[in-house]
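Chains, contacts and geometry: an overview
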Amino acid sequence: MSLTRRLHLDEIVTSFPELGPTVPDGGYSWIVLSGVFLVQMTVPSIFAMYGIVLAYIHENNTNNSDILSEKIMLTPILFNAFWNLSDPWAKMIVSMSSIPRLVGVIGVTLLAVGTIASAYLATGGVGAYLTSGSAGAVMGIGASFVVLLSDYVLRKYFRKKLLLALTVRNIATSFGLVLVPSITYLLLYKARLKTGLQLMTLILLPALLGTLTFRLPTQQQTPYSLLLSTEEDTELPIRISSDVSKSEQQLNSQDEIENSEYGQPNERIQHGGGLLNEGSNMYAYEDLDEDVDLFVNPVSHSKSNWKYQLRALKNFRLWAAIVGWIGMKASTLYFWILFPLLSSRIVDDPYIWMPLFITASFATFLPNLISYKILKASSQNRRLYFGTASWVCGTSLIGIMYANSYSWMLICALLGGISIGSLLSCQDIALYDVLGVETMHSAHRGLSTIVGLCILIFCFIHNITISLSVTALLQFLGALYWISSPVLNLIKETQYRSLNTMSRTSRDET
């Protein structure tokens, strides 16, 4: 029996245009977007906040010991590590929660508790290391709840204008990187270290106000919701471009030659038709010879057990992505927490090195403003963009390590801000470009867990040169994989064009 004769969805309100009327992107959606703006302006800026704290400690440190041996240094590292470790479980809790505001308030509370706990590290004592570990871990879990919740609610409200909403969210990160370090600098120099850290919990008030605006859109409950997995609901901002080899196509015009992309056979299977792809077979209603049970959740047949998820670990592309992901996370961490410190070593006056840090923050505006165009670009161009940004970021890390003048630090500030902003603005879609939708859904937990565990290793590295060198090396290796495939595709395309030109010339001569 034909599926189209058994499926009647004309009067069903759903978030999928293919299944019925689409929930409009307006009304309360803009209030939610403002709440997401406040959250994104606050939480990712915590790294920069602790960068100012470390620079302040260095200026007031009389024994000239290595700053990485300070107890408070563990807080931002563990914050980053536990943010990644808790992402899979926080995502599960966020998707099941019917009261997003409660989850958001819990996340902000954990961030505030961790910030207050890190303030007592200035007093030292026997429990200083325990306090630093618990503070970073609690803050990482809270950040995971708040950021994943904001992204989840945003994608529930925005469909047609999702790219615009994601661009506004990226711009909010740049605003936070400019405002939060400046406020931290004023608090520390007015109220000193311990009191200043305690007062920095006030910076989390915008995030709290933002989470109070979160609520799920009201939709009509129907049995047709079982047709699709809620876990995969608009997880991608755009559809993944399919990589189709030209050797398997018969091209009729030069425009088709310029617009097509190459790819390996397994990549074409993974990328062909992502979740929102217009050519996806998810919405292809075909006439079949035998009856099909329409009301069966596809997730139940996706072999989503641990044995199936562990199979993804045998995929070389996953490990290459893990290397690049560790490099990106560690680069973001070390750039924001070490750049103020290294700048203060070159220029002792805080009124001179602080503008350097603000310059790096302002540099993130450029990639975040153009992220709207980048997210709409083809898969091949996005890979080139992400890989190039990784190389530039690794170069800037090496630069701040060996720079010995104000002018060189200014150049590294601009390069570092632009590259890190570029990486963070398209980090989600970059993973889908290299792994594909199916692999990402099956290996999401494993990827986040491995990345978080690897970042924990940096807790035992107490040397700035080694930390920055290892991080830069990971960036270079990760970028090599992101760029290699598009470069090979361009070489194949050039060869194909030359062969096509030669064949046309021979036909004209005959």
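Scroll up to find the structure this text is about.
What comes next concerns the included structure.

Conventions used here
Residues numbered from 1 in each chain as written. Predicted model: local features only at pLDDT ≥ 70, side-chain atom pairs only at ≥ 80, totals over all residues. Heavy atoms only, no water. Helix = DSSP H or I, 4+ residues; strand = E, 2+ residues; numbered from the N terminus. Buried < 20%, exposed > 50% of the residue type's maximum accessible area, 1.4 Å probe, protein only. Contact = heavy atoms within 4.5 Å. Areas by Shrake-Rupley, 256 points an atom, 1.4 Å probe, with all protein chains shown as cover. Axes fitted to C-alpha atoms, helices over the stretch in contact; angles between N-to-C directions. Parallel < 35°, antiparallel > 145°, perpendicular 65-115°, else oblique. Left-handed = near helix turned anticlockwise from the far one by under 90°. Nonpolar A, V, L, I, M, F, W, Y, C, P; charged D, E, K, R; others polar. Patch = residues over 30% accessible without salt bridge, like charges linked within 9 Å, V, L, I, M, F, W, Y side chains within 5 Å. Salt bridge = Lys/Arg side-chain N within 4 Å of Asp/Glu carboxyl O. 1 Å grid on protein atoms, 1.4 Å probe; cavity = no way out; pocket = protein on both sides within 12 Å on 5 of 7 lines; lining within 4 Å. Points joined across faces, edges and corners; volume = space filled by probe spheres on them. Core = buried A, V, L, I, M, F, W, Y, C linked by side-chain atoms within 4.5 Å. Phe/Tyr/Trp six-rings, centres within 6.5 Å; stacked < 30°, edge-to-face > 60°.

Moving on, we come to the overall build of the protein chain. Broken down by element type, the protein chain carries 20 helices and zero strands. Here the protein chain, with 510 residues, has 53% of them falling under the buried criterion. Counting contacts in the protein chain only where the partners sit at least 6 residues apart, residues at least 24 apart contribute 85% of the total. A total accessible area of about 23,100 Å² is found for the protein chain, and carbon and sulfur atoms account for 62% of it.

Structurally, L415 is set in helix α17 (residues 406–425). The class for L415 is partly exposed, based on a relative accessible area of 36%. C-alpha of L415 to C-alpha of A389: the two residues are 26 residues apart in sequence and 9.2 Å apart in space. When neighbours within four sequence positions are excluded, L415 is seen to be in contact with V392 and S396.

Following both chains from N to C, one finds helix α2 (residues 46–59) and helix α12 (residues 316–346) inclined at 30°, their axes separated by 8 Å at the closest point. Classified by the angle between their axes, α2 and α12 sit roughly parallel to one another. Seen along the crossing, α2 lies across α12 with a hand that is right-handed. Two secondary-structure elements touch here, α2 through F47, A48, G51, I52, L54, A55, H58 and E59 and α12 through L333, W336, I337, P340, L341, S344 and R345. Grouping the constituent residues of the contact of α2 with α12 by class yields 10 nonpolar, three polar and two charged.

Time to look at a nonpolar patch on the surface. Where nonpolar side chains cluster on the molecular surface, the patch consists of Y351, I352, L366, L369, I370, Y406, L410, L414 and I418 and spans about 800 Å² of accessible area. At the level of elements, α13 (350–363), α14 (365–369) and α17 are the ones that each hand at least two residues to the nonpolar patch. Examining the composition of the nonpolar patch, we find that four residues originate from one element, α17, more than from any other.

Before going further, it helps to spend a moment on empty space enclosed by the protein. Counted by the stated rule, this structure contains one cavity of 30 Å³ or more. When its volume is computed, the largest cavity comes out at roughly 40 Å³. Around the largest cavity sit T42, I46, M49, T115, M200, I203 and L204, which together line it. The residue makeup of the lining of the largest cavity, split by class, is five nonpolar, two polar and no charged.

Our focus in this paragraph is the pattern of salt bridges. Opposite charge on two side chains allows them to pair when their charged atoms are near. Scanning the model with the defined rule gives four salt bridges in all. Across the pair D433 and R382 runs a salt bridge, and its minimum N-O distance is 2.8 Å. Residue D433 is located in helix α18 (residues 427–435), and its partner R382 is located in helix α16 (residues 379–402); the two are separated by 51 residues in the primary sequence. Beyond isolated ion pairs, a larger network of salt bridges with shared partners links D151, R155 and R169.

What follows deals with the nonpolar core. In this structure, L111, Y334, W336, I400 and L468 are the most contacted members of the largest nonpolar core, which totals 120 residues. Looking at which element gives the most residues to this core, the answer is α12, with 17 residues. Look past the residues within four positions of I400 in its chain and what remains in contact with it is F335, F339, L342, M409, C412 and L468.

As for its placement among the helices and strands, Q475 is situated in helix α20 (residues 464–509). Taking relative accessible area as the criterion, Q475 reaches 1% and is therefore assigned buried. The spatial distance from the C-alpha of Q475 to the C-alpha of G324 is 5.8 Å, given a sequence separation of 151 residues. For Q475, the residues in contact, after removing those within four places along its chain, are G324, G327, M328, S331, S390, W391, C393, G394 and L423.

Note that N170 resides in helix α6 (residues 162–191). What makes N170 buried here is its relative accessible area of 5%. If we skip the residues at most four places from it in the chain, N170 touches N368, S371 and S425.

The subject of this paragraph is the packing of aromatic side chains. Per the stated rule, a full pass over the model turns up 21 aromatic pairs. An angle of 35° between the planes, with centres 6.4 Å apart, marks the rings of F339 and F357 as tilted. Taken as a pair, F339 in helix α12 and F357 in helix α13 lie far apart in primary sequence, 18 residues in all. Taking the centre distance of 4.8 Å and the plane angle of 40° together, the rings of F386 and W482 count as tilted.

That's the geometry; what it means functionally is another story.
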